[in-house]
Structure formats: C-alpha cells, structure tokens
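Results of the structural survey
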Amino acid sequence: AFDRVHDMFVSCHDLHEAFLAALAPVAERLRTARHLATELGDHRVDDVTARVEELTGRYATDPLSFADQPPADVLAELGARVDALADELARIVAVRGSWDDRVTAVADAMADVEAARAIEEQVRLRAQELVVTAPLDPPPDRLPALRRELATLPDQKGWDVRVRALSELETAVDAAAGEVRAAHALADGLLERRTELRGRFEAYRAKAGRLGLAE
C-alpha cells in the first residue's frame with residue numbers, strides 16, 4: 001500500500017513540477033503584460049491572470065485531473081492569449097509614446113488628400129471637356145467626416161480605445177487617398193489616350209500630305 005501511495009505522490013509531484021516549468025515563460029510574459037496594463041489602466045489582463053491562478057490551484061490540489069494532458073498542451077491556448085495581449089499592450093504603449101506625431105501625420109495626410117482632390121477635379125473636368133465620354137464620377141468627399149473623427153480622438157476613454165480609433169482613422173484616410181488616386185488615374189488615362197490618338201492622327205495626316213491625299 002505504501003508503494004502505491006508513493007507512486008501516486010511521485011506522479012502528482014512530477015505533473016506539478018512539469019506544469020510549473022511550462023508555466024514559467026507564460027508567467028514571465030504575463031508579468032510584462034500586467035506591468036503594461038497597470039501603466040495604461042487596462043483591465044483585460046485580469047481574466048488571463050485569473051485563468052493562470054485557477055490552473056495553478058488545480059495543479060497544486062488535483063494534478064492527476066490533468067494526467068492525460070501534457071502541461072504544454074494545457075497552457076498552449078493560455079500562452080497564445082498572453083502573447084497576443086502583451087503584444088497589443090506593447091503596441092498601445094508605443095503609439096501613446098508617439099501620439100502627437102501620429103496625430104500630426106494623420107492631419108497632414110488629410111491635407112494631402114484635399115490637395116489631391118483639387119488636382120483630380122481639374123484633370124477630371126479637363127477630360128470631360130476634351131473626351132467624348134459619360135460624365136466622370138468624382139471621388140467621394142470623405143474629409144469632413146474624417147476631420148470630425150480626428151477632432152474626437154482626445155475624447156475617447158482609455159488608451160486601447162483611443163489607439164484603435166487612431167488606427168482606424170489612418171486606414172480610412174489611406175482609403176480616401178486611394179479613391180482620389182484612382183479617379184485621377186482614370187481621368188489622366190483618358191487624356192493620355194487622347195494625346196496618343198491625336199499624335200497618330202497628325203502622323204497619318206502628314207503622310208497623306210506627302211502622298212498628295214490630304215483632301
């Protein structure tokens with residue numbers, strides 16, 4: 001009977017030690033995430049911390065309940081959650097550190113879109129004047145809405161919400177710039193094609209003149 005109890009004790013001890021060894025890198029990354037979360041006032045790390053404490057308690061009191069699962073498998077999903085959260089918190093801290101520069105860059109990008117819209121309009125109207133085509137649709141004017149979003153960034157509660165809003169705004173500004181570039185390229189392409197055809201026409205007319213067929 002002593003041998004049976006000894007074997008069970010060894011099994012429990014080995015499982016617990018294996019869990020602690022597998023938990024060590026996860027716990028280290030979790031400490032980093034908690035430090036960042038405290039700095040940012042972000043509470044999403046609380047759920048992950050509670051899950052680590054739950055598993056630690058179960059391995060300490062009933063390790064045989066995990067006898068068929070290697071600790072690495074038990075911790076795989078949790079480790080992935082910790083990694084993702086730590087990476088996101090680090091990204092938020094990085095954006096917070098460069099917040100003024102990022103906001104200025106977005107405002108400058110909006111100004112570039114506005115300037116590009118003015119140029120696109122000139123090219124589009126010129127294309128409609130010279131080329132027989134259906135009216136060319138102007139790109140949507142998204143700048144008023146984008147500027148409102150930029151103005152409300154400081155009102156966002158929590159750095160995670162603020163950083164996400166800034167990232168979405170940057171993406172929206174890039175998309176607006178892409179729409180303007182596409183509209184410009186369409187109109188400019190029509191003008192280039194017209195210039196090409198006009199050059200060919202002049203070449204044919206010159207050739208006809210040399211052959212005495214100008215009429």
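Attention here is on the structure that accompanies the text. (Residues numbered from 1 in each chain as written. Predicted model: local features only at pLDDT ≥ 70, side-chain atom pairs only at ≥ 80, totals over all residues. Heavy atoms only, no water.)

**Description of the packing of helix 4 (residues 99-130) against helix 5 (residues 143-152)**
- At their nearest, the axes of helix 4 and helix 5 sit 11 Å apart, and the two run at 170 degrees to each other. The angle between helix 4 and helix 5 falls in the class roughly antiparallel. Side by side, helix 4 and helix 5 meet where Val103, Val106, Ala107, Met110, Val113, Glu114 and Arg117 of the first sit next to Leu143, Leu146, Arg147 and Leu150 of the second.
- Its residues assigned to classes, the contact of helix 4 with helix 5 comprises eight nonpolar, no polar and three charged. (Axes fitted to C-alpha atoms, helices over the stretch in contact; angles between N-to-C directions. Helix = DSSP H or I, 4+ residues; strand = E, 2+ residues; numbered from the N terminus. Parallel < 35°, antiparallel > 145°, perpendicular 65-115°, else oblique. Contact = heavy atoms within 4.5 Å. Nonpolar A, V, L, I, M, F, W, Y, C, P; charged D, E, K, R; others polar.)

**Brief notes about the side chain of threonine 49**
- Secondary-structure assignment places threonine 49 in helix 2 (residues 45-61).
- Setting aside its immediate chain neighbours within four residues, threonine 49 contacts Leu30 and Arg34.

**Describing helix 1 (residues 2-40)**
- Helix length check: helix 1 (39 residues) gives 54 Å between terminal C-alpha atoms against 57 Å at 1.5 Å per residue, within 8%.
- Among the residues of helix 1, Leu15, Phe19, Leu23, Val26, Ala27, Leu30, Ala33, Leu36, Ala37 and Leu40 are the ones counted as buried.
- Its buried side turned inward, helix 1 meets helix 2, helix 3 (71-97) and helix 6 (159-210).
- Glycine 41 sits one or two residues past helix 1 and shows a positive phi near 70 degrees. (Expected span 1.5 Å × (residues − 1). Buried < 20%, exposed > 50% of the residue type's maximum accessible area, 1.4 Å probe, protein only.)

**Considerations on the pattern of salt bridges**
- Per the counting criterion, the structure on display carries 12 salt bridges.
- A salt bridge links aspartate 141 to arginine 117, with the nearest nitrogen and oxygen atoms 3.9 Å apart. Taken as a pair, aspartate 141 in the loop between helix 4 and helix 5 and arginine 117 in helix 4 lie far apart in primary sequence, 24 residues in all.
- Judged by its relative accessible area of 47%, aspartate 141 is partly exposed.
- Across the pair glutamate 129 and arginine 126 runs a salt bridge, and its minimum N-O distance is 3.4 Å. A residue pair is termed a helical-turn pair when its members lie 3 or 4 positions apart in one helix, as glutamate 129 and arginine 126 do in helix 4 at three residues.
- Judged by its relative accessible area of 58%, glutamate 129 is exposed. (Salt bridge = Lys/Arg side-chain N within 4 Å of Asp/Glu carboxyl O.)

**Digging into the packing of aromatic side chains**
- This structure, assessed with the given rule, holds one aromatic pair.
- Arranged with centres 5.3 Å apart and planes meeting at 85 degrees, the rings of tryptophan 99 and tryptophan 159 form a pair that is edge-to-face. Taken together, the residues span a long stretch of sequence, with tryptophan 99 in helix 4 and tryptophan 159 in helix 6 at a distance of 60 residues.
- Taking the relative accessible area as the measure of exposure, tryptophan 99 reaches 11% and is therefore buried.
- In this structure, arginine 162 is placed above the aromatic ring of tryptophan 159, and the distance from its NZ or CZ to the ring centre is 4.6 Å. (Phe/Tyr/Trp six-rings, centres within 6.5 Å; stacked < 30°, edge-to-face > 60°. Lys NZ or Arg CZ within 6 Å of the ring centre and 35° of its normal.)

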